[in-house]
Amino acid sequence: KSKKAGRNSVRFFDPSLESAMKQHATLEDDIRQALDQGQFVLHYQGQFNSRDKLTGAEVLVRWQHPVQGMMSPALFIPFAEETGLILPLGNWVLETACKLLASWEKIPRMNKLVLAVNVSALQFRQSDFIETVVNIIHKSGANPQRLKLELTESMLIENLDDIIHKMLSIKELGVGFSLDDFGTGFSSLSFLKRLPLDQLKIDQSFIKDVHSDPNGAAIAKTIVALGKSLGLNVIAEGVETVEQREFLSNAGCHAYQGYLFSRPVALTEFEELARSN
Ligand code: C2E
Ligand code: MG
Ligand code: MG
Ligand code: MG
């Protein structure tokens, strides 16, 4: 190939890029097919209050891949977001969680549990997001009080008025909002003050080093204090050790999620956990 072809044309002949593009095309088809064939499954990770009582779970999607086995969402969610496939996938997650809530509605212990569902930026940005949530809740028969939506900071920066309108409309139903991975994204205190949130979820990266790094400890403590002073429930994610839990408890943290309490587990295992807790 002639060198004169220039920089721009080079990439079309780069075999590694070509195969990367093919892989992407395949992944897109695979996700579509996985949706049709029911290869996605949900796992449930318990959330606990300061008295170690199970109050609900975060819903975490996995891909039961026919060849690769159980696949982490970290491997396919970013791609599903890029291609827009997160819309049907996200709807499926929300629908499945809402149907589960409805199925628990008459079971004494289960009907107090709250399910937290992750919402991606693209989903939340849809102009019909409110309608979608309302429809899924109504069709499923779920009690909206038992549903919590997890948003991340990065999706809450532009168009604050529209964001607030969406959140308030959905909150009117009784649905709660949690700010996931707090501290890792855009965090202006003035915007935090304006958002109609119910919960602040401290990112696990701040929990990791509360005992090894004095700055990390200071930050974790400050986030708990900040959330509390804004009148929000504060939950820590990624709590792995008794020492971390002690530290957070002393800081006044309200709720916990992490391997110390429970790993994300399949539905039957979660229901067992709920019955025994
Ligand atoms: P996330 O929402 O921050 O979820 C918490 C992640 O931390 C989960 O990873 C969970 O398994 C992991 N984790 C929980 N406790 C511990 C712990 O004690 N130690 C450590 N090291 N990790 C812990 P997972 O399940 O791999 O999910 C990764 C991310 O994928 C989630 O992060 C979330 O952003 C995204 N995700 C998962 N399910 C969905 C979904 O249905 N929709 C969307 N849009 N995103 C999802
Ligand atoms: Mg989350
Ligand atoms: Mg999180
Ligand atoms: Mg996280």
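See above for the structure.
Just so it is clear, the structure is predicted and the values come from calculations on it, not from any experiment.

**Q** How should the coordination of the magnesium ion (ligand 4) be read in this particular structure?
**A** Reference geometry at the metal: tetrahedral coordination by four donors gives ideal angles of 109.5 degrees; octahedral coordination by six donors gives 90 or 180 degrees. The protein atoms donating to the magnesium ion (ligand 4) are Asp181 (OD) and Glu237 (OE), with metal-donor distances spanning 2.3 to 2.7 Å. A separation of 6.0 Å is found between the magnesium ion (ligand 4) and the magnesium ion (ligand 2). Of the two residues, Asp181 sits in strand E6 (residues 176-182) while Glu237 sits in the loop between strand E8 (233-236) and helix H11 (242-251), which places them 56 residues apart along the sequence. A relative accessible area of 7% means that Glu237 is categorised as buried.

**Q** Hey, could you run me through helix H4 (residues 86-104) in this one?
**A** Along an α-helix, residues three or four positions apart point the same way, because every turn accommodates 3.6 residues. The end-to-end C-alpha distance of H4, which contains 19 residues, comes to 27 Å, matching closely the 27 Å that a straight helix rising 1.5 Å per residue would cover. Buried residues of H4: Ile86, Leu89, Gly90, Val93, Leu94, Ala97, Cys98, Leu100, Leu101 and Trp104, and no others. Each buried residue of H4 sits inside an arc of 165° when the element is viewed along its axis, so together they form one side.

**Q** Got a minute to help me understand the coordination of the magnesium ion (ligand 2) in this structure?
**A** Protein coordination at the magnesium ion (ligand 2) comes from Glu58 (OE), Asn118 (OD1), Glu150 (OE) and Asp180 (OD), with a distance range of 2.0 to 2.3 Å. Binding-site remark: the magnesium ion (ligand 2) is held by donors from one chain whose sequence spacing is E-x59-N-x31-E-x29-D. The distance between the magnesium ion (ligand 2) and the magnesium ion (ligand 3) comes to 3.7 Å, and Asp180 binds to both of them. Residue Glu58 is found in strand E2 (residues 54-65), and its partner Glu150 is found in strand E5 (residues 147-152); the two are separated by 92 residues along the sequence. Accessibility expressed as a relative area gives 5% for Glu58, which makes it buried. Classification of Glu150 as buried rests on a relative accessible area of 1%.

**Q** When you look at the pattern of salt bridges in this model, what are you seeing that I'm missing?
**A** Where charged atoms of side chains with opposite charge meet at close range, the side chains can pair. Applying the stated criterion across every chain, the model contains seven salt bridges. Among the ionic pairs, Arg245 bridges to Asp52, the shortest N-O distance being 2.9 Å. Separated by 193 residues along the polypeptide, Arg245 in helix H11 and Asp52 in the loop between strand E1 (40-49) and E2 bring together distant segments of the chain. Note on Arg245: relative accessible area 12%, which makes it buried. The salt bridge involving Lys171 is made with Asp198; its shortest N-O contact spans 2.9 Å. You can see Lys171 sitting in helix H7 (residues 160-171) and its partner Asp198 sitting in the loop between helix H8 (189-194) and strand E7 (199-202), a full 27 residues away along the chain. Residue Lys171 is classed as partly exposed on the basis of its relative accessible area, which comes to 23%. Given a relative accessible area of 32%, Asp198 falls into the partly exposed group.

**Q** Explanation requested: the environment of Pro264 in the structure shown.
**A** Within the secondary structure layout, Pro264 lies in the loop between strand E9 (255-256) and helix H12 (267-276). With 206 residues separating them in the primary sequence, Pro264 and Glu58 have C-alpha atoms 8.2 Å apart. Not counting residues within four places of it along the chain, the set of residues in contact with Pro264 comprises His43, Tyr44, Gln45, Leu60, Arg62 and Tyr259.

**Q** Would you take a moment to explain the packing of aromatic side chains for this structure?
**A** Two aromatic rings, taken as a pair, are described by how far apart their centres are and by the angle between their planes. Under the criterion given, the structure shown has eight aromatic pairs. One aromatic cluster is present, built from ring pairs that chain together Phe40, Trp63 and Phe76. A cation sits over an aromatic face here: Arg245 above Tyr256, 4.7 Å from the ring centre. Arg263 extends its terminal NZ or CZ atom over the ring of Tyr259, reaching a point 3.8 Å from the ring centre.

**Q** Got a minute to help me understand the site of ligand 1 in this structure?
**A** Around ligand 1, the structure places 23 residues, and the nearest of them are Gln45, Arg62, Asp180, Glu240 and Tyr259. In the model, a nitrogen atom of ligand 1 is placed 2.9 Å from a nitrogen or oxygen of the Gln45 side chain. A distance of 2.9 Å separates an oxygen atom of ligand 1 from a polar atom in the side chain of Asp180. For ligand 1, the protein covers 82% of the area, taking 810 Å² as the surface of the free molecule. Counting only elements with at least two residues in the shell around ligand 1, the list comes to E2, helix H3 (73-83), H4 and E6. No other element matches E2, which puts four residues into the shell around ligand 1. When the residues that make up the shell around ligand 1 are grouped by side-chain class, the tally is nine nonpolar, seven polar and seven charged.

**Q** Just checking my understanding: could you explain the nonpolar core for this structure?
**A** Looking at soluble globular proteins, one finds that nonpolar side chains tend to be buried together. Counting 78 residues, the largest nonpolar core has Leu149 and Leu248 as the members making the most contacts within it. In terms of residue count, H4 provides more of this core than any other element does, nine residues in total.

Parameters at a glance
- Within any chain, residue numbers begin from 1 and follow the written order of that chain's sequence.
- Working convention: letters from A go to chains and numbers from 1 go to ligands, in the order in which they are written.
- A pLDDT threshold of at least 70 governs which residues receive local features in this predicted model, and a stricter bar of 80 or more applies before side-chain atom pairs are shown or counted, although totals over entire chains, interfaces and linings include all residues.
- Note that water and hydrogens are dropped before the side-chain values are worked out from all heavy atoms of the structure.
- The donor definition counts N, O and S atoms within 2.8 Å of each metal and applies 3.2 Å to Na, K and Ca; water is not among these atoms, so some sites may look incomplete.
- A run of DSSP states H or I qualifies as a helix once it reaches four residues; a run of E qualifies as a strand once it reaches two. Both are numbered from the N-terminal end.
- When accessible area is computed with a 1.4 Å probe and restricted to protein chains, residues below 20% of their type maximum are described as buried, those above 50% as exposed, and intermediate ones as partly exposed.
- Here, expected helix span is obtained from the residue count minus one, scaled by 1.5 Å.
- What the arc measures is the spread of directions leading from the helix axis to the C-beta atoms.
- Throughout this description, the term salt bridge denotes a Lys or Arg side-chain nitrogen within 4 Å of a carboxyl oxygen of Asp or Glu.
- Two residues qualify as a contact provided that any one of their heavy atoms is within 4.5 Å of a heavy atom in the partner residue.
- Pairing of aromatic rings covers Phe, Tyr and Trp, the last through its six-membered ring, and needs centres within 6.5 Å; plane angles under 30 degrees mean stacked, over 60 mean edge-to-face, and all others mean tilted.
- Any Lys NZ or Arg CZ found within 6 Å of a ring centre and within 35 degrees of that ring's normal is scored as a charge over the ring.
- Throughout this document, a residue counts as near a molecule or strand when at least one of its heavy atoms sits within 4 Å of that molecule or strand.
- Polar contact criterion, stated in full: a pair of N or O atoms within 3.5 Å, where within protein one must be able to donate a hydrogen and the other to accept it, and residues adjacent in sequence count only if both atoms are side-chain atoms.
- Residue exposure ignores everything except the shown protein chains as possible cover, and the areas themselves are Shrake-Rupley values with a 1.4 Å probe.
- Any residue outside Ala, Val, Leu, Ile, Met, Phe, Trp, Tyr, Cys, Pro, Asp, Glu, Lys and Arg is labelled polar, Gly included; the first ten of those are nonpolar and the last four are charged.
- Only buried residues count toward a nonpolar core, which is a set of Ala, Val, Leu, Ile, Met, Phe, Trp, Tyr and Cys residues joined through side-chain atoms within 4.5 Å.

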